[in-house]
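Below, each chain spelled out in residue letters.
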Amino acid sequence: GALANRTLFEDLAIDTLEREEQLLREIDAALRRLEQGRYGLCELCGEEIPERRLRALPWTRLCLRCAELQAAFSLN
C-alpha cells in the first residue's frame with residue numbers, strides 16, 4: 001500500500017542522492033588532477049585519454065580500453 005510506495009520512493013531518492021554524491025566526488029577528483037597536471041591521463045596505463053572521451057565524460061579517470069577491461073573484470 002501507501003507505506004510500500006513511500007519506501008520505494010525513499011529508496012529511489014536515496015539511490016539518486018548516492019549517485020549524485022559519487023559524481024561530485026569524481027568531478028572533485030578530476031579538478032585535483034587538473035591542478036596537478038595529471039588531467040587527461042589514464043590512471044591505469046598512463047596513456048592520454050582521447051579528447052572525444054574527455055568531452056563525453058570530463059571526470060573520467062580511465063581511457064576506454066582500461067575502462068572496458070575494468071568493467072569486464074568487475075563483472076566476474
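Notes on the structure in this doc start here. In this numbering scheme, every chain counts its residues from 1 along its sequence in written order. It should be noted that, the model being predicted, local features are given only for residues of pLDDT at least 70 and side-chain atom pairs only at 80 or more, the latter also being counted only at that level, while totals for whole chains, interfaces and linings use all residues. Side-chain calculation: all heavy atoms of the structure are included, whereas hydrogens and water are not.

### Remarks on the overall build of the chain
- Note on conventions: DSSP H or I runs of at least 4 residues are helices, E runs of at least 2 residues are strands, and numbering of each starts at the N terminus. A tally of helices and strands in the chain yields three helices and zero strands.
- The C-alpha radius of gyration of the chain comes to 17 Å, more than 25% above the 11 Å expected for a compact globule of 76 residues.
- Once the C-alpha set of the chain is aligned to its principal axes, its extents read approximately 55 × 30 × 20 Å.
- Every residue pair with non-hydrogen atoms within 4.5 Å of one another is taken to be in contact. Expressed as a percentage of contacts within the chain between residues at least 6 apart in sequence, the contacts between residues at least 24 apart total 24%.
- Here, Shrake-Rupley sampling with a 1.4 Å probe gives the accessible areas, and only protein chains in the shown set may cover a residue. Within the structure as shown, the chain displays about 6200 Å² of accessible surface, and the carbon and sulfur contribution to it stands at 58%.
- Residues scored as positive are Lys and Arg, those scored as negative are Asp and Glu, and His as well as the terminal groups of each chain are ignored. By convention, the charge on Lys lies at NZ, on Arg at CZ, on Asp at CG and on Glu at CD. Taken as two groups, the 11 positive and 14 negative side-chain charges of the chain have centres that lie 4 Å from each other. For the radius of gyration, the atoms used are the C-alpha atoms, and the globule rule reads 2.2 Å times the number of residues raised to 0.38.

### Things to note about the environment of L31
- By the element assignment, L31 lies in helix 1 (residues 2–36).
- For the exposure calls, accessible area comes from a 1.4 Å probe over protein chains only, and a residue counts as buried if that area is under 20% of its type's maximum, exposed if over 50%, partly exposed in between. The class for L31 is partly exposed, based on a relative accessible area of 45%.
- Once the C-alpha coordinates of L31 and L64 are considered, the two residues, 33 residues apart in sequence, prove to be 20 Å apart.

### Here we look at the environment of Q36
- By the secondary structure assignment, Q36 is in helix 1.
- Sequence spacing of Q36 and F9 is 27 residues, and the spatial spacing of their C-alpha atoms is 41 Å.
- What qualifies as a polar contact is a pair of N or O atoms within 3.5 Å, subject to a donor-acceptor requirement within protein and to the restriction that residues adjacent in sequence count only when both atoms come from side chains. A polar atom in the side chain of Q36 sits 2.4 Å from the side chain of R38.

### Side note on the pattern of salt bridges
- Definition used for salt bridges: Asp or Glu carboxyl oxygen within 4 Å of a side-chain nitrogen of Lys or Arg. Per the stated rule, a full pass over the model turns up four salt bridges.
- Its salt-bridge partner being R61, residue E26 comes within 2.7 Å of it at the nearest N-O pair. Residue E26 is located in helix 1, and its partner R61 is located in the loop between helix 2 (51–56) and helix 3 (64–75); the two are separated by 35 residues in the primary sequence.
- You can call E26 buried: its relative accessible area is 17%.
- A residue is classified by how much of its surface remains accessible, and R61, at 29% relative accessible area, is partly exposed.
- A salt bridge links R61 to E43; its shortest N-O distance comes to 3.3 Å. Of the two residues, R61 is situated in the loop between helix 2 and helix 3 and E43 in the loop between helix 1 and helix 2; the sequence distance between them amounts to 18 residues.
- Assessed through its relative accessible area of 39%, E43 is described here as partly exposed.
- Residues joined in a network through salt bridges with shared partners are E26, R33, E43 and R61.

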